[in-house]
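Residues per chain are reported as follows:
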Amino acid sequence: MTGFADFHRRSLEDREGFWKEQSQLIGWHKPPVQICDYSNPPFTRWFVGGQTNLCHNAVDRHLLTRPDQPALIFVSTETGVERTYTFHELHREVQRAAAALLALGVKRGDRVLIYMPMIAEAAFAMLACARIGAIHSVVFGGFASVSLASRIEDATPKAIVSADAGSRGGKVMPYKPLLDEAIRLSKHKPESVLLVDRGLAPMERVAGRDHDWAESVARQDGVQVPCVWLESTDISYTIYTSGTTGLPKGVQRDVGGYTVALAASMKHIFLGEPGETFFSTSDIGWVVGHSYIVYGPLIAGMATIMYEGVPIRPDAGIWWSLVEKYKVSGMFSAPTAVRVLKKHDPAFLAKYDLSSLKALFLAGEPLDEPTARWISDGLGVPIIDNYWQTESGWPILTIANGVEKKPSKFGSPGVPMYGYDVKIVHENTGEELTGANEKGVVVIEGPTPPGFMQTVWGDDARFVRTYWQTVPGKLVYSTFDWGIRDADGYYYILGRTDDVINVAGHRLGTREIEESISSHSGVAEVAVVGVADQLKGQVAMAFVVPRDSAAMVNTASRLKLEGEIMKVVDEQLGAVARPSRVHLVHALPKTRSGKLLRRAIQAVAEGRDAGDLTTIEDPSALQQIKDLMAP
Ligand code: ATP
Ligand code: MG
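Residues numbered from 1 in each chain as written. Chains lettered and ligands numbered in written order. Predicted model: local features only at pLDDT ≥ 70, side-chain atom pairs only at ≥ 80, totals over all residues. Heavy atoms only, no water.

If you look the protein chain up in an unreviewed UniProt entry, it shows as Propionate--CoA ligase from Caenimonas koreensis DSM 17982. Under Sequence similarities (unreviewed entry), UniProt gives the following word-for-word description of the protein chain: "Belongs to the ATP-dependent AMP-binding enzyme family." (UniProt positions renumbered as here; feature names shortened; annotations may be inferred.)

*Asks:* I'd like to hear about the pattern of salt bridges, residue by residue, with values.
*Replies:* As enumerated under the stated definition, the model contains 43 salt bridges in all. Taking the shortest distance from any N to any O, the salt bridge between Arg96 and Glu93 comes out at 3.1 Å. Taken as a pair, Arg96 and Glu93 lie in helix H4 (residues 87-103) at a separation of three residues, close to a single helical turn. With relative accessibility at 11%, the residue Glu93 sits in the buried group. In this structure, the salt-bridge partner of Asp210 is Lys176, at a minimum N-O distance of 2.9 Å. One end of the pair, Asp210, is in strand S12 (residues 210-212); the other, Lys176, is in helix H7 (residues 176-185), and 34 residues separate them in sequence. Side by side, Asp210 and Lys176 carry an identical accessibility label, which is buried. (Salt bridge = Lys/Arg side-chain N within 4 Å of Asp/Glu carboxyl O. Helix = DSSP H or I, 4+ residues; strand = E, 2+ residues; numbered from the N terminus. Buried < 20%, exposed > 50% of the residue type's maximum accessible area, 1.4 Å probe, protein only.)

*Asks:* Any chance you could break down the pairing of strand S28 (residues 491-496) for me, citing the residues and the numbers?
*Replies:* Within S28, five of the six residues are buried, which leaves it mostly tucked inside the rest of the structure. Alignment of strand S27 (residues 474-485) against S28, held across five bridges, turns out to be antiparallel. Within S28, the position partnered with Gly483 by the bridge is Ile493. In sequence, S27 turns back onto S28 through a hairpin of five residues, with Gly489 there showing a positive phi of about 90°. (Pairing = 2+ DSSP bridges.)

*Asks:* An account of the confidence of the model for the protein chain is requested, with residue identities and associated values reported.
*Replies:* When the pLDDT values of the protein chain are averaged, the result is 94; 99% of them are 70 or greater. Across the assembled chains, the prediction reports ipTM 0.99 with pTM 0.91. (pLDDT = per-residue confidence, 0-100.)

*Asks:* How would you explain the sheet that holds strand S5 (residues 82-86) if you had to name every residue and give the values?
*Replies:* Pairing is mixed in the open sheet, where seven strands are placed in the order S5-S4-S17-S16-S18-S19-S20. A single partner strand is all that each edge strand has here, and the edge strands are S5 and strand S20 (383-386). With direction set aside, neighbouring strand axes in the sheet form an average angle of 20°. Here helix H5 (residues 120-132) sits on the sheet and contacts strand S4 (70-76), S5 and strand S17 (303-308); the angle it forms with S4, its principal contact strand, is near 140°. (Axes fitted to C-alpha atoms, helices over the stretch in contact; angles between N-to-C directions. Contact = heavy atoms within 4.5 Å.)

*Asks:* Which residues make up the packing of aromatic side chains, and what are the values?
*Replies:* Tallying each qualifying case throughout the model produces 36 aromatic pairs. Note on Tyr85 and Phe124: the rings are 5.2 Å apart at their centroids and 85° apart in plane angle, and the pair reads as edge-to-face. You can see Tyr85 sitting in strand S5 and its partner Phe124 sitting in helix H5, a full 39 residues away along the chain. Accessibility expressed as a relative area gives 1% for Phe124, which makes it buried. Consider the rings of Phe143 and Trp286, whose centres lie 6.0 Å apart with planes at 90°: the pair is edge-to-face. One end of the pair, Phe143, is in the loop between strand S7 (135-138) and helix H6 (145-155); the other, Trp286, is in the loop between strand S16 (277-280) and helix H10 (287-299), and 143 residues separate them in sequence. On the basis of relative accessibility, which here comes to 3%, the residue Phe143 falls in the buried class. Among the residues examined, Trp286 registers a relative accessible area of 12% and is labelled buried. A cation over a ring is seen here: Arg151 above Phe143, with NZ or CZ 4.5 Å from the ring centre. The side chain of Arg151 reaches across the aromatic face of Tyr240, ending 5.4 Å from its centre. (Phe/Tyr/Trp six-rings, centres within 6.5 Å; stacked < 30°, edge-to-face > 60°. Lys NZ or Arg CZ within 6 Å of the ring centre and 35° of its normal.)

*Asks:* Residue-level account of H10, with values.
*Replies:* Of all 13 residues that make up H10, 13 are buried, and the element is covered over most of its length. Two residues or fewer after H10 comes Gly301, characterised by a positive phi angle close to 75°.

*Asks:* Now, about the packing of helix H16 (residues 510-518) against helix H18 (residues 555-572): what can you tell me, with residues and values included?
*Replies:* Running from N to C, H16 and H18 point in directions that differ by 120°, and their axes come no closer than 9 Å. Classified by the angle between their axes, H16 and H18 sit oblique to one another. In this structure, H16 crosses over H18, and the sense of that crossing is right-handed. Across the interface between the two elements, Ile513, Ser516 and Ile517 from H16 touch Ile565, Val568, Val569 and Gln572 from H18. Split by residue class, the contact of H16 with H18 holds five nonpolar, two polar and no charged. (Parallel < 35°, antiparallel > 145°, perpendicular 65-115°, else oblique. Left-handed = near helix turned anticlockwise from the far one by under 90°. Nonpolar A, V, L, I, M, F, W, Y, C, P; charged D, E, K, R; others polar.)

*Asks:* An account of H5 is requested, with residue identities and associated values reported.
*Replies:* Over its 13 residues, H5 extends 19 Å from the first C-alpha to the last, a length consistent with the 18 Å expected when each residue adds 1.5 Å. Counting buried positions over the 13 residues of H5 gives twelve, a clear majority of the element. Along H5, the positions that sit buried rather than exposed are Ala120, Ala122, Ala123, Phe124, Ala125, Met126, Leu127, Ala128, Cys129, Ala130, Arg131 and Ile132. Residue Gly133 follows H5 closely and has a positive phi angle near 80°. (Expected span 1.5 Å × (residues − 1).)

*Asks:* Summarise the side chain of His91; cite the residues concerned and give the values.
*Replies:* Take His91: it is sitting in helix H4. His91 sits in the buried class, given a relative accessible area of 15%. Residue contacts for His91: discarding those within four places in its chain leaves Val59, Asp60, Leu63 and Arg131.

*Asks:* Can you lay out the sheet that holds strand S15 (residues 250-254) for me, pointing to particular residues and giving the numbers?
*Replies:* Read from one edge of the open sheet, eight strands run S12-S11-S8-S6-S7-S14-S15-S25, paired in mixed fashion. The open sheet has two edge strands, S12 and strand S25 (455-456), and neither has a second partner. Both strand S6 (residues 111-114) and S7 contribute to a ladder of four bridges, which runs parallel. Counted as the bridge partner of Ile114 is Val138 from S7. Docked against the sheet, H6 engages S6, S7, strand S8 (159-163) and strand S14 (235-240), running at close to 165° with respect to S6.

The following block contains the structure:
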């Protein structure tokens, strides 16, 4: 067995040979003629001349070997529905959905916008688009009209698939009125809307435009819709970034490269074997949902759990009960979800038989050490942090235990994955920093690996302008994250390049200060932002959610906690990093995908307008900070 270092080296030095081998993990209608075309940098084209189909690889390819094995396991703790679809049944559902879309006039290359709750039909719709070569654009169901309208305008869909309502924590969230309003606001109008009626909320239908999902697919029962063989470099889908740092970017992905990237990652990183079950707790509206709820596990011949509900209802053991019930072998979640569980009894983690579980993968946000330890001790399985982006489609930094078992280090997502030529460069000069623990910007030298975004949807110039820069001798993609690499080659992400605080000439990553504060046992969550200061340029200000909310009402205990937190920072990082103020709050403002909205907190703390808040989860959290800042 080759070690990971060799594996990684080969992926860059013998790019053609390495990826040709990986490309054999999937089914091709026509094999590629050229593996990697980087003749027009920074645009990378993978598996040129090859023809394949995502839906073929996710569904049809398994019909011979495992037709009666579970493929999609839909669990809703909101409606009490729990249903398993075998590969055979999934094939039937996807064909019916594809036929219904064709009947609405949707053709290869047309966009279909999917605005849906976490229900099985959402996966059917995505796979149906992939089957007929329509480009799906899934918009997270938690978004309201304005966010949705801007995405409708950008994607210009021929059809929209939606539902009457979603449900969250037992509360029905009507979708249809928001969709109608979004279409009204948008300059682009879809020709048709296909609506799943879950019977949760009344729906008004627009005659001629709106169609019922159940009726439409029933009419197509038994109709055969073969997979359309697409060029590897055709577009499979577009998806928007989380919008943490500003306006979301429409990420565009290919067909062949993405399929190969997912097949390879299921094997090398996620340890997935055909016949096993994967459970990703994300949402189809995010890239994790695309890659590791829908496509990745199915391509690997695994069953995938699609879960509608919150992690703590009926109780904080619900996820682990599903691991036991469906013998989940790989689970994927986010630090923000673990922090939600951490507010509950750790006994829930030990209540179920988790012997099937090989590892818990976490991604999306820095994984602080106390959170990692809490979940790792509670579950007794390896916790594997993944660092990646909507843009990359699959992990950039992690540990590929499927290639070589390597220890994880707390606080580090791991090492660069095969195919990624990761570098740390000086923020101003772009000079590569090769020494251990030198802090710089994490960049990827082109060509980017299979699965990586092709471009910004409809705007090549924005792709080049936003992400790419020429540094001495090379063209690199910027992640806009700070990082360091230690002497063993492990990377540490220190925060976003926008999130650096400059205190009297010292540059501090918000992440470092947050990490230090969260090591205090009284701290559940923390956000640190830099606030303009006449004397020092900037000072750090901390917003802390205490473990025990009693600390907030009692002045003495509040002051005690604030003092202790400052002391922790003094001891660990030095007085220069000490926050000028520590504010205790009930909750922190986050995006719908669970990321801290530091830029909004910072704006409010500086008395500015909070800017674009279309992706905010809980506006009251920001309001509390506004109130605190009011003179
Ligand atoms: P936008 O690009 O629109 O501002 P976003 O960057 O939050 O939004 P995503 O693509 O969802 O959109 O998030 C990717 C970012 O999340 C990374 O660039 C990094 O800042 C952060 N991130 C993801 N995983 C990790 C991780 N394991 N450790 C630290 N940070 C992470
Ligand atoms: Mg980003």
